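# Residue-level structural notes
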Amino acid sequence: MSWRRCILRWARDDIISIATRGNRFTLNTQQRCGFRKAAKETKTKKGVIEETGASHTEPSEGLIHKRGASPPVDPSVAYTPPRSFGRLVKPLVFTIGFTGCSFSTAAIWQYESLKSRVQSYFDEVRADWLDKLQPQKQGDLRKSVRPFIFFILSEGQRTVAGIIAANAVVFCCWRVPSLQRSMIKYFTSNPASKTLCFPMLLSTFSHYSFFHMAANMYVLWSFSSSIVSMLGREQFMAVYMSAGVISTMFSYVCKTASGRLGPSLGASGAIMTVLAAVCTKMPEAKLAIIFLPMYAFSAGNALKAILVMDTAGLVLGWRYFDHAAHLGGALFGVWYIMYGHELIWKNREPLVKVWHDLRTKGPSGGGNGGSGPQ
C-alpha cells in the first residue's frame, strides 16, 4: 500500500513538473514569437513611412516638371534658408555697384566712340586720294557688303541684335542635360538660393520656354529703334543692364516680404523698363497688340494698364509671372526718364574728363595734352 502511494506520488510530481516545464516552454515560445512580430510591425511601419515620404515628394517634383515655362528644380541645388532681409544686403550692394559701373562704362564707351569717329573721318579724308590711285582689292568686298547689311537695320535694331543672340545662346544651353545644375544655380534668380548676386544679371538673358523668349525678344525688337534714338546706344545699354539687376532686386524684396520664395528668369523686367521709358517719353504714341492690330491705344494708357495689372498681381499673389520684377522694371523706366537722366547721365562730365586726362597723359599722348580731342 505504501509502495503504491509512493509510486502515485512520484507519478503526480512528474506530471506536475512536465506540465510546468511545458507551460514555461510555451510561454517562452510566445514571448519570442511576440518579439519577432513586433519587429516585423516596426519594419512595416518604417516601410509605410518611407512610402508615405516618397508619395509626398513625387507629386511636388511632377508639379515642377509640368510647369513648362519654368526649369526643373534639382533637389540637390535647392536651398531654403530662414526668411531674413539681412540676406539682401549683398544683393543691394551688388545692385548699386553694378548700376554705377554700367553708367560709367557707358560714358567712357561714348567718349571712345566719338573719338574713333573723329579719327576715322580724318583717316578717310587723308586716304581719298589713295583710293583714286589704287584699284579696290578683292579682299575689300567685306567693306562694301557690311554697310549694305547694316543700312537695312536701324541703329536700335543693330544694338539689340547682340542681346537677342545672347538670349538665344543661353536658351540652347538649357537644352544641354549636363549644364542643368549650373543653369539653375546661376541663370535663375531666387532669394532662397545660396548664390544671389550673379543670377541677378545672368537671369536677364535666360529663358527656359521658347515662347517666353520669342515674346520678350519681339517686344524688345519693336521698341529698339525708339529707345536707342531717344537715349543713344551707350546710354540704352547702361539702362538695360541696370534694369535687369534692379528689377530682380525689387523681386527679391517682395518675395522675402511675402514669403513666396521661388526661382525666376527672363528679360521681362529689363524690357518693362524699355517699354515704360518709351511710354513715358512719348505718351501720345499709338500702340497695338500683335494679335489684335485693329485695336490701337495710346502709350500712356498702356503704361497705366501695365502698372495696375502688375500691382494687382503682386498684391493678390499671382504666381504665373514675376509681377514684382515687372513692376520694379516699369517703375525704374518711369523714374529714369523723369529724373534719372538728369541725375545720372548729364552729370557724367567729371568722369569723362578724368578718363580723357588718363588717355592723353598715357604713353601715346605725350606729357602735355597729346592728340586727344579737347
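Residues numbered from 1 in each chain as written. Predicted model: local features only at pLDDT ≥ 70, side-chain atom pairs only at ≥ 80, totals over all residues. Heavy atoms only, no water.

Nonpolar side chains collect at one region of the surface, where Tyr-218, Ile-289, Ile-290, Phe-291, Leu-292, Met-294 and Tyr-295 lie side by side and expose about 810 Å² of accessible area between them. By residue number, the principal contributor to the nonpolar patch is strand 2 (residues 292-298), which donates three residues. Structurally, Tyr-218 is set in helix 7 (residues 210-231). Tyr-218 sits in the partly exposed class, given a relative accessible area of 44%. (Patch = residues over 30% accessible without salt bridge, like charges linked within 9 Å, V, L, I, M, F, W, Y side chains within 5 Å. Areas by Shrake-Rupley, 256 points an atom, 1.4 Å probe, with all protein chains shown as cover. Salt bridge = Lys/Arg side-chain N within 4 Å of Asp/Glu carboxyl O. Helix = DSSP H or I, 4+ residues; strand = E, 2+ residues; numbered from the N terminus. Buried < 20%, exposed > 50% of the residue type's maximum accessible area, 1.4 Å probe, protein only.)

This brings us to the UniProt feature "transmembrane region" (unreviewed entry) in the protein chain. Cross-referencing UniProt, the feature "transmembrane region" (unreviewed entry) maps to residues 92-111, 148-174, 195-215, 235-253, 289-308 and 320-338 in the present numbering. Along residues 195-215 the backbone is 52% helical and 0% strand, and the end-to-end C-alpha distance reaches 28 Å. Measuring from the first to the last C-alpha atom of residues 235-253 gives 27 Å, for a span that is 100% helix and 0% strand. (UniProt positions renumbered as here; feature names shortened; annotations may be inferred.)

We now examine the environment of Met-230. Summarising the element assignment, Met-230 is placed in helix 7. Put simply, Met-230 and Val-278 are 48 residues apart on the chain and 8.4 Å apart in space, counted from C-alpha to C-alpha. Residues contacting Met-230, with those up to four places away along its chain left out, are Ala-277, Val-278, Lys-281 and Ile-337. (Contact = heavy atoms within 4.5 Å.)

All right, on to the pairing of strand 2 then. When strand 1 (residues 286-289) meets strand 2, the two strands line up antiparallel, connected through four bridges. Counterpart to Leu-287 in the pairing with strand 2 is Phe-297. Remark: two residues form the turn of the hairpin made by strand 1 and strand 2, two consecutive strands paired antiparallel. (Pairing = 2+ DSSP bridges.)

Moving on: the packing of aromatic side chains. As enumerated under the stated definition, the model contains eight aromatic pairs in all. Between Phe-94 and Phe-98, the ring centres sit 5.9 Å apart and the planes meet at 20 degrees, which makes this aromatic pair stacked. Taken as a pair, Phe-94 and Phe-98 lie in helix 2 (residues 89-133) at a separation of four residues, close to a single helical turn. Judged by its relative accessible area of 17%, Phe-98 falls in the buried class. Aromatic side chains Phe-332 and Trp-335 sit 6.1 Å apart centroid to centroid with 25 degrees between the ring planes, which places their arrangement in the stacked category. Within this pair, Phe-332 and its partner Trp-335 are both found in helix 11 (residues 323-343), separated by three residues, close to a single helical turn. In this structure, Arg-175 packs its charged tip against the face of Tyr-208, placed 4.9 Å from the ring centre. (Phe/Tyr/Trp six-rings, centres within 6.5 Å; stacked < 30°, edge-to-face > 60°. Lys NZ or Arg CZ within 6 Å of the ring centre and 35° of its normal.)

Looking now at the confidence of the model for the protein chain. Of all residues in the protein chain, 66% have pLDDT values of 70 or greater, and the mean over the chain is 75. The low-confidence segment residues 14-68, where pLDDT is below 50, has nine contacts with residues more than four positions distant or belonging to other chains. Low pLDDT, under 50, characterises residues 365-374; the predicted model gives this stretch 16 contacts beyond four residues in sequence or across chains. (pLDDT = per-residue confidence, 0-100.)

Our focus in this paragraph is helix 4 (residues 155-173). Spanning 19 residues, helix 4 covers 28 Å between terminal C-alpha atoms, matching the ideal 27 Å at 1.5 Å per step. Within helix 4, the axis deviates most sharply at Ala-161, by approximately 25 degrees. In this structure, the buried residues of helix 4 make contact with helix 5 (180-186), helix 7 and helix 8 (233-258). (Expected span 1.5 Å × (residues − 1). Bend = angle between axes of the 7 residues up to and from the residue.)

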